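Descriptive structure summary
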Amino acid sequence: MTKQIHLAAHFPGVNNTTVWSDSAAGSQIEFTSFRKLAETAERGTFDFFFLAEGLRLREVKGRIHDLDVVGRPESLTVLSALAAVTTHLGLAATVNSTFNEPYELAKRLSTLDHLSGGRAAWNVVTSWDAFTGENFRRGGYLDKSDRYVRAQESLRIVRKLWDSWDADQLVLDQAAGVFAREGAGIFADEGDHFDIRGRFGLPPSPQGRPVIIQAGDSDQGREFAASSADVIFSRHGTFEAGQTFYKDVKSRLTKYGRTEESLKIMPAVTVVVADTDDEAIEKAAYIREQQVSGPTALVLAELLWGRDLSAYDPDGPLPAEDPVVGSSVTQGRVGYNDPFPIVAEWRAQAEAHGWSLRQTVINQQNRQTFVGSASTVADAINRHVQEDAADGFVLVPHLTPSGLDDFVDRVVPLLRDRGVFRSEYSGTTLRHHLGIQA
């Protein structure tokens, strides 16, 4: 049976993949930028609009990196505003489970779900470093293994709060002066991290409860997603890696009594579209040059080597020294647990192609996922979905707020012509778009 493709739009933060210096780039914090990208996604009948979270500005050797100066506005506030100017588009917020309490998470997300008529989603993330924790006076108080313990406990409690109302408990009988039936909203939960009890103040939304998104890639993260998530926001955008990840995660669902259709796998991808394949390849190379300046190449190499490389020429050869594991020379970015095989691969590729350090970073880290004419891109996306490398994709444009225009104007019509993507919304809730139950 032909599968239907699911699509989402990611509003990119300020980093090297977002070319904020381009003359076509707009603001990262003005509401007009969020509204423009969301309206484009809704015009393209996307499933949802996705906001990441930035809890601390990234630093390089104690200084804020020039490509990460502007942080992201608080997600739920922005999405609540977007709920008023969109009608069908799902609204997904990344909110950290390490630095938020379950009750406030449940209430804030349920509020968005009600304001939007059942279009809210929560991307459940954890904090992975003491550097970020310092903003909350909790620097490093959780071991890495405890992150998912707290996250699973938080999610369990949040769901318990959302489910504390039965569908028939909201009465609203004005004549009798009865708002809700006895017992509505009452909850209690005790675990390793929380011991709470009380009454939750919001009934179920039109979609029952917000959609749960999860982005972990470790074995523990995959198990968490298989047990609890509705959508996985993965990094496996290539065909072979996507198929491997897809098979692995979907195979874990049966132990939790779930079907394959109950969990959607949607890798983050980048797309470059032009009139011809050759023009798209040339355009993609130009974008990668924009994304990786000399200073940025050094920063990304420092993340891998764990060393201060400021004395190196980015247009010269790769460092000869071995990497240092566990270094904090760059803070606020996810590091490498085992950088040695990656360094070996970089050196082999640089020697084979005669690449400089900057050219190596460009070619090893910043290659776009789908590059070609509209027809080529549509065929590639459809192949990934039909052959179980993904259920759909989260598109990450390199420009804000116009970065989705080419895809929506050129590729979406072809996907519709192929009968693999909706021409209009058939329902109003995010769960309906995704085809999943609460």
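Looking at an unreviewed UniProt entry, one finds the protein named FMN-dependent oxidoreductase (Nitrilotriacetate monooxygenase family), with Kribbella kalugense as its source organism. Check the Sequence similarities (unreviewed entry) section of the UniProt entry for the protein; it says "Belongs to the NtaA/SnaA/DszA monooxygenase family."

**A few points about the overall build of the protein**
Each helix and strand counted, the protein has 14 helices and 18 strands in total. Taken against the 2.2 N^0.38 rule, which gives 22 Å for 438 residues, the C-alpha radius of gyration of the protein at 22 Å falls within 12% of a compact globule. Its C-alpha atoms give the protein principal-axis dimensions of about 80 × 55 × 45 Å. Looking at the protein residue by residue over its 438 residues, the buried ones come to 52%. Entry remark: accessible area of the protein is about 19400 Å², with carbon and sulfur atoms responsible for 49%. Here the protein contributes 45 positively and 59 negatively charged side chains, and the mean placements of these two sets differ by 3 Å.

**Some words on the packing of helix H3 (residues 102-115) against helix H5 (residues 144-162)**
Relative orientation of the contacting elements H3 and H5 amounts to 55°, with a least axis distance of 9 Å. Our classification of the angle between H3 and H5 gives oblique. The way H3 lies across H5 gives a crossing that is right-handed. Residues Pro102, Tyr103, Leu105, Ala106, Leu109 and Ser110 of H3 pack against Ser154, Ile157, Val158, Leu161 and Trp162 of H5.

**Some points on the domain arrangement of the protein**
With domains assigned, the protein is organised as domain 1 (6-163 + 204-272 + 369-434) and domain 2 (293-365). Placing a centre on the C-alpha atoms of domain 1 and another on those of domain 2 gives a separation of 28 Å.

**Describing the packing of helix H1 (residues 31-43) against helix H2 (residues 75-83)**
Each pair of packed helices gets described by two things: the angle between the helix axes and the distance between those axes. H2 packs onto H1 with a crossing angle of 60° between their chain directions and a minimal axis gap of 10 Å. Considering their axes alone, H1 and H2 lie oblique with respect to each other. Considering how the two elements wind past one another, H1 and H2 form a crossing that is right-handed. Residues Phe31, Phe34, Arg35 and Ala38 of H1 touch H2, and the partners they reach there are Val78, Ala81 and Leu82. When grouped by side-chain class, the residues that make up the contact of H1 with H2 number six nonpolar, no polar and one charged.

**So, the nonpolar core**
The biggest cluster of nonpolar side chains holds 71 residues, and the ones touching the most others in it are Leu7, Phe46, Phe49, Trp122, Phe393, Phe407 and Leu415. With seven residues, H5 is the single largest residue contributor to this core. With sequence-adjacent residues up to four places away left out, Trp122 is seen in contact with Ala93, Val95, Ser97, Leu105, Leu109, Leu155, Val158, Trp162, Val211, Ile212 and Ile213. Within the second largest apolar cluster, 16 residues are counted, among which are Leu298, Trp305, Leu318 and Val361.

**Remarks on the pairing of strand S1 (residues 6-11)**
With six of six residues buried, S1 is to be regarded as a mostly interior element. A two-sided burial pattern is seen for S1, the buried positions comprising His6, Ala8 and His10 on one face and Leu7, Ala9 and Phe11 on the other. Two strands pair when backbone bridges link them, and S1 and strand S18 (residues 392-395) are joined in this way by four bridges, in the parallel orientation. Bridged to Ala8 within S18 is Val394. Taken together, the four bridges between S1 and strand S2 (residues 48-51) define a ladder with parallel strand orientation. Pairing of Ala9 across the sheet is with Phe49, part of S2.

**A closer look at the pattern of salt bridges**
Within this structure, the stated rule accounts for 26 salt bridges. Between Glu39 and Arg35 there is a salt bridge; the shortest N-O distance is 2.8 Å. Remark: Arg35 and Glu39 occur in helix H1; sequence separation between them is four residues, near one turn of the helix. Judged by its relative accessible area of 33%, Glu39 is partly exposed. Residue classification places Arg35 among the partly exposed residues on the basis of a relative accessible area of 36%. Its salt-bridge partner being Arg422, residue Asp47 comes within 3.2 Å of it at the nearest N-O pair. Here Arg422 lies in the loop between helix H13 (405-417) and helix H14 (430-434) and Asp47 lies in the loop between H1 and S2, a separation of 375 residues in the sequence. Neither Asp47 nor Arg422 differs from the other in exposure class; each is buried.

Calculation criteria
- Residues numbered from 1 in each chain as written.
- Predicted model: local features only at pLDDT ≥ 70, side-chain atom pairs only at ≥ 80, totals over all residues.
- Heavy atoms only, no water.
- UniProt positions renumbered as here; feature names shortened; annotations may be inferred.
- Helix = DSSP H or I, 4+ residues; strand = E, 2+ residues; numbered from the N terminus.
- Rg over C-alpha atoms; globule rule 2.2 N^0.38 Å.
- Buried < 20%, exposed > 50% of the residue type's maximum accessible area, 1.4 Å probe, protein only.
- Areas by Shrake-Rupley, 256 points an atom, 1.4 Å probe, with all protein chains shown as cover.
- Lys, Arg positive; Asp, Glu negative; His and termini not counted.
- Charge placed at Lys NZ, Arg CZ, Asp CG, Glu CD.
- Axes fitted to C-alpha atoms, helices over the stretch in contact; angles between N-to-C directions.
- Parallel < 35°, antiparallel > 145°, perpendicular 65-115°, else oblique.
- Left-handed = near helix turned anticlockwise from the far one by under 90°.
- Contact = heavy atoms within 4.5 Å.
- Domains from an automatic or database assignment.
- Nonpolar A, V, L, I, M, F, W, Y, C, P; charged D, E, K, R; others polar.
- Core = buried A, V, L, I, M, F, W, Y, C linked by side-chain atoms within 4.5 Å.
- Pairing = 2+ DSSP bridges.
- Salt bridge = Lys/Arg side-chain N within 4 Å of Asp/Glu carboxyl O.

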